[in-house]
Each structure stands twice: as structure tokens, then as C-alpha cells.
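# Survey of secondary and tertiary structure
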Amino acid sequence: MVRMTTTAKATSPVVGFDQVTKRYGDVRAVDGLTLALHPGETVALLGPNGAGKSTALDLLLGLRPADSGTVRVFGTSPREAIVGGRVGAMLQSGGLMDEVTVGELVRLACALHPRPFPVRDVLARAGIAQIADRKVNKLSGGQSQRVRFALATAGDSDLIVLDEPTTGMDVSARQAFWATMREQAEQGRTVLFATHYLEEADAIADRVLVLHRGRLLADGTAAEIKAKAGARRIAFDVEGAVDEDRLRELPFLTTITISRNGSAEAPGRAVRIQSTDADATVHALYGLGLYPRNLEVAGLGLEQAFVAITAAEEAKQS
Ligand SMILES: Nc1ncnc2c1ncn2[C@@H]1O[C@H](COP(=O)(O)OP(=O)(O)OP(=O)(O)O)[C@@H](O)[C@H]1O
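Everything numeric here is computed off the predicted structure, so don't read it as measured data. Numbers given to residues run from 1 along each chain, matching the order in which its sequence is written. In keeping with the model being predicted, local features are shown solely for residues with a pLDDT of at least 70 and side-chain atom pairs are shown and tallied solely at 80 or more, while totals for entire chains, interfaces and linings include all residues. Just so you know, side-chain values use all the structure's heavy atoms and leave hydrogens and water out.

What follows concerns the packing of aromatic side chains. By convention here, two paired aromatic rings are described through the distance between centres and the angle between planes. A pair of aromatic rings is counted whenever rings of Phe, Tyr or Trp (Trp by its six-membered ring) have centres within 6.5 Å, and the orientation is called stacked for planes under 30 degrees apart, edge-to-face for over 60 and tilted otherwise. Tallied over the entire structure, the rule returns 3 aromatic pairs. Summarising the aromatic geometry, the rings of F177 and W178 are spaced 4.9 Å apart at their centres and angled 80 degrees between planes, so their arrangement reads as edge-to-face. When the ring of W178 is compared with that of F193, the centres are 4.6 Å apart and the planes differ by 55 degrees; the resulting orientation is tilted. With a gap of 15 residues between them, W178 in helix α6 (residues 171–186) and F193 in strand β8 (residues 190–194) connect regions that are remote in the sequence. One aromatic cluster is present, formed by F149, F177, W178 and F193 through successive ring pairs. In this arrangement the basic side chain of R86 is found over the ring face of F74, its NZ or CZ atom lying 3.9 Å from the centre. A run of H or I in DSSP counts as a helix once it spans at least four residues, and a run of E counts as a strand once it spans at least two, with each numbered from the N terminus. Any Lys NZ or Arg CZ found within 6 Å of a ring centre and within 35 degrees of that ring's normal is scored as a charge over the ring.

Here the focus is the site of the ligand. Taken together, 14 residues lie near the ligand, and G50, K53, S54, T55 and H196 sit nearest. Polar contacts here mean pairs of N or O atoms no more than 3.5 Å apart (in protein, one a potential hydrogen donor and the other a potential acceptor; neighbouring residues in sequence count only if both atoms are side-chain atoms). In this structure, an oxygen atom belonging to the ligand sits 2.9 Å away from a side-chain N or O atom of N49. Elements with a minimum of two residues in the shell around the ligand: β3 (27–37) and α1 (53–60). All amino acids are sorted into three groups, where Ala, Val, Leu, Ile, Met, Phe, Trp, Tyr, Cys and Pro are nonpolar, Asp, Glu, Lys and Arg are charged, and the leftover types, Gly among them, are polar. Taken together, the residues of the shell around the ligand break down into 5 nonpolar, 7 polar and 2 charged. The near set for a molecule or strand comprises every residue that places at least one heavy atom within 4 Å of it.

So, on to a nonpolar patch on the surface. The patches reported here contain residues having more than 30% relative accessible area and no salt bridge. Joining distances are 9 Å for like charges and 5 Å for nonpolar side chains (Val, Leu, Ile, Met, Phe, Trp, Tyr). Note on areas: Shrake-Rupley with a 1.4 Å probe; residue coverage comes only from the protein chains shown. Salt bridges are defined as contacts in which a side-chain nitrogen from Lys or Arg sits within 4 Å of a carboxyl oxygen from Asp or Glu. Residues M97, L108 and L112 make up a contiguous nonpolar surface patch of about 310 Å² in total accessible area. If you trace the backbone, L108 turns up in helix α3 (residues 102–112). Only protein chains enter the area calculation, which uses a 1.4 Å probe; residues under 20% of their type maximum are buried, those over 50% are exposed, and those in between are partly exposed. Overall, L108 belongs to the partly exposed group, its relative accessible area being 36%.

Attention shifts here to the environment of S54. Here S54 is to be found in helix α1. Relative accessible area serves as the criterion here: at 26%, S54 is assigned to the partly exposed category. Considering only alpha carbons, one finds S54 and A150, 96 residues apart in sequence, at a separation of 20 Å. When residues no more than four places from it in sequence are discounted, the contact partners of S54 are Q92 and D163. For this analysis, residues touch if any pair of their heavy atoms sits within 4.5 Å.

Attention now moves to empty space enclosed by the protein. Two kinds of site are reported from a 1 Å grid over the protein atoms alone, namely cavities, where a 1.4 Å probe fits but cannot get out, and pockets, open sets with protein on both sides within 12 Å along at least five of seven lines, and residues are called lining when an atom falls within 4 Å of a point. Grid points are joined across faces, edges and corners, and a volume is the space filled by probe spheres set on the points. Overall, the coordinates contain 1 cavity of 30 Å³ or more when judged by the stated rule. Approximately 70 Å³ is the volume attributed to the largest cavity. Lining the largest cavity we find F17, L33, L35, L37, L45, A56, L57, L60, L192 and L209. Elements supplying a minimum of two residues to the lining of the largest cavity: β3 and α1. Tallied by class, residues from the lining of the largest cavity come to 10 nonpolar, no polar and no charged.

A few words now on helix α5 (residues 141–152). Relative to the 16 Å expected for 12 residues at 1.5 Å per residue, α5 spans 17 Å between its end C-alpha atoms, a close match to the ideal helical length. Within α5, the full set of buried residues consists of G142, S144, Q145, V147, R148, F149, A150 and A152. Those residues of α5 that are buried lie in contact with β6 (87–90), α3, α4 (119–125) and α6. Helix span, as expected, comes to 1.5 Å for every residue beyond the first.

This next bit is on unusual backbone geometry. The phi torsion of most residues other than glycine is negative, and most of the peptide bonds are trans. At R213, a residue that is not glycine, the phi angle is positive and equals roughly 50 degrees. Relative to the helices and strands, R213 resides in the loop between β9 (207–212) and β10 (215–220). In this structure, F252 takes a positive phi of about 65 degrees despite not being glycine.

A few words on the domain arrangement of the protein chain. Domain assignment breaks the protein chain into domain 1 (2–227) and domain 2 (231–299). Computed from C-alpha atoms alone, the centre-to-centre distance between domain 1 and domain 2 is 42 Å. Domain start and stop points were drawn from an automatic or database domain assignment.

Paired strands are those between which DSSP finds at least two bridges. Across the sheet, 3 strands lie side by side as β3-β2-β5; this open sheet has antiparallel pairing. The open sheet is flanked by β3 and β5 (68–73), the only strands paired with a single partner. Mean inter-strand twist for the sheet, computed between neighbouring axes without regard to direction, equals 25 degrees. Axis definition: a line fitted to C-alpha atoms, over the contacting stretch in the case of helices. Angles run 0 to 180 degrees between N-to-C directions. Relative to the sheet, α1 contacts β2 (15–24), β3 and β5, its axis offset from that of β2 by approximately 120 degrees.

Another aspect to go through is the pattern of salt bridges. With the rule as written, the count across this model stands at 14 salt bridges. Between D156 and R189 there is a salt bridge, with the nearest N and O atoms lying 2.6 Å from each other. With a gap of 33 residues between them, D156 in the loop between α5 and β7 (159–163) and R189 in the loop between α6 and β8 connect regions that are remote in the sequence. A relative accessible area of 7% places R189 in the buried class. In this structure, the salt-bridge partner of D202 is K226, at a minimum N-O distance of 3.1 Å. Here D202 is found in helix α7 (residues 198–204), whereas its partner K226 is found in helix α8 (residues 222–228), with 24 residues between them in sequence. For D202, a relative accessible area of 30% corresponds to the partly exposed category. Overall, K226 belongs to the partly exposed group, its relative accessible area being 21%.

Set out below in C-alpha cells:
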């Protein structure tokens, strides 16, 4: 595993997983997971489909028991932490009590929370004040997500857990959602969210956890994850005829795409490369006698880094 966050925090963890395993039959959905979340952190949980993200969140929320290992939330059991109102959660699925209105549901969530916020504020923050009288079963997908968000922020919880929170939200809902989450984090709350939108993780999270087959594959800031993926992007254009095979033989390539550009009279190629040693690749490129134009060398984006890290792990295991 790539472990990159080294700063020791004196405070006790908000969430502590110690060697936690959860199996479904032969599938180890969570496999010996150990991690700690600290107060005020905004943490993104990434992983390919089936990596164990939802299962890990279910264990954290006490919705399923672990087969082995311990899960502690604020130093107590998940159940105690939830009953004490310390955790607000927004899960992927889960019915919303069809026959009630949005307003009634939010009022109920506020009534059940030991430290509720005013119902009006909760509705406004989630952008659902205008649909407070609508029945929950008449909502669009994005509106249902907003209601789930309202339920997760009905009271003054210290930890907010979100499973793919912005799925189905339109662009403005998504922006409003993350602006609110930033406020929550600035007020000292810990926010943990699972997502497939890597640009959200990059923009929002100050720590990224990459899960793969129930194990923690990487743990660090988005910048650290990108750097640890160990590859860089090289992009350039070439004019005229190109020996594509020689380009493909450049050293340290992990991927290469060559596409046509230019015009019929002056054809050319746009070349995009991922390399584990960009300096050596570029050096060899000049050795081919080509004249690369618009040459750019850059680090990987979080999405490319994520793909590189998980693909490398798949290759190791197969
Ligand atoms: N109730 C269940 N019964 C049997 N297997 C399950 C159950 N829930 C999850 N699994 C399996 O456990 C593994 C982890 O699933 P999980 O839903 O935690 O992954 P995930 O990372 O949240 O995936 P996704 O990104 O697709 O939502 C998968 O192989 C899944 O098929």
C-alpha cells in the first residue's frame, strides 16, 4: 500500500478502523482495513465498482457488523455515536417514506436529532424549501438526493458521511452542495464522502483514500496520490510522415495514443503519452530525429493517477 499522510494528530480519531474484515460468502468486501480519520478533515473515498466503499460506510454507520476487527466512531461503537447525534449520513439508496411530504420528513429528522437545526434552515440549505409540500414519491432523482442531503444535515453532527452524494444532481445543485459541505468542514466537522467523480475529490478533499478489493491502496492528498502514481503526461504534435512503430517503442511508455491532426495538404499527428520517466522518454524522442511541436510535460490528473494505481494493482494480482 502507498501510505503518504504522515502528520500525527494528537486528538483521538473521529473514525478508527482496526483490521476490519467483512465477507459476503466468498467475497471479501472489506479486507483487513485499518484507517483513522481526524477532526476537521474532508476525506474522499475512491475505488472502482465493487471496491468496498459502500460496505465500509455501512460498517462505519453500524448498519452491518464486521466479521472481525473493530470500528470505533468518536471512541465509541457506531451505534452509540449515531444515537448521540454525532453522525449525519446520506446513503446511496434507502427509501424516503413515500407518503410523507418533504417538509414532514425533514421535520421528523430534525425532531429525532439531539441537536437539531431549525427546519427552515435545513430546507433552505438543501435547496428544497420550494418543494417542501411535495410528496417524497413525486420527486426527481436530483430532488431526492437533495432531500437525503437535508436529512444528513438536520442537526449539528460532528461527522458527515456521504455515499456518492451528487449522483443525479445537476451542475448548480452540485456546486451548491459542495459549497455547503465546505462550510460544514470550515465549522470543524469531519466530512467523509465516497465518489466516482474524481474531479470532485480533487477539488474538495484534503485527503483521498483509494480502496481496491476491500484494501486501502493509497492514502494521501490528491497531489501525493498523483505524484505516487509515478507517471507523467507528455503531449506533442508532429508534422508530416511519422513512423508510428518507432514512437511506440519509446522507453518508459505506459500508454500512447497517436491521432491525426493538421490538414489534407499538411498532415500531422497529435501524440499523447504516459511515461514513468518523462525525461528519458523526451530524450529518446529527440533521438528519433523528429521535431516535436507544442511539447508539454505535465503530472497526471487525479483520474489518470487513480486509473494507473488501480490498474497496476490489478496487474500485480492477476
Ligand atoms: N449484500 C451483499 N451481498 C453480497 N455481496 C455483496 C453485498 N453487498 C456488496 N457485496 C459485494 O461486496 C463487494 C463490495 O461492494 P460495495 O457495494 O461495498 O462496493 P462499492 O465500492 O461501494 O461499489 P460501487 O462503486 O459499485 O458502488 C462487491 O463485490 C459486491 O458485489
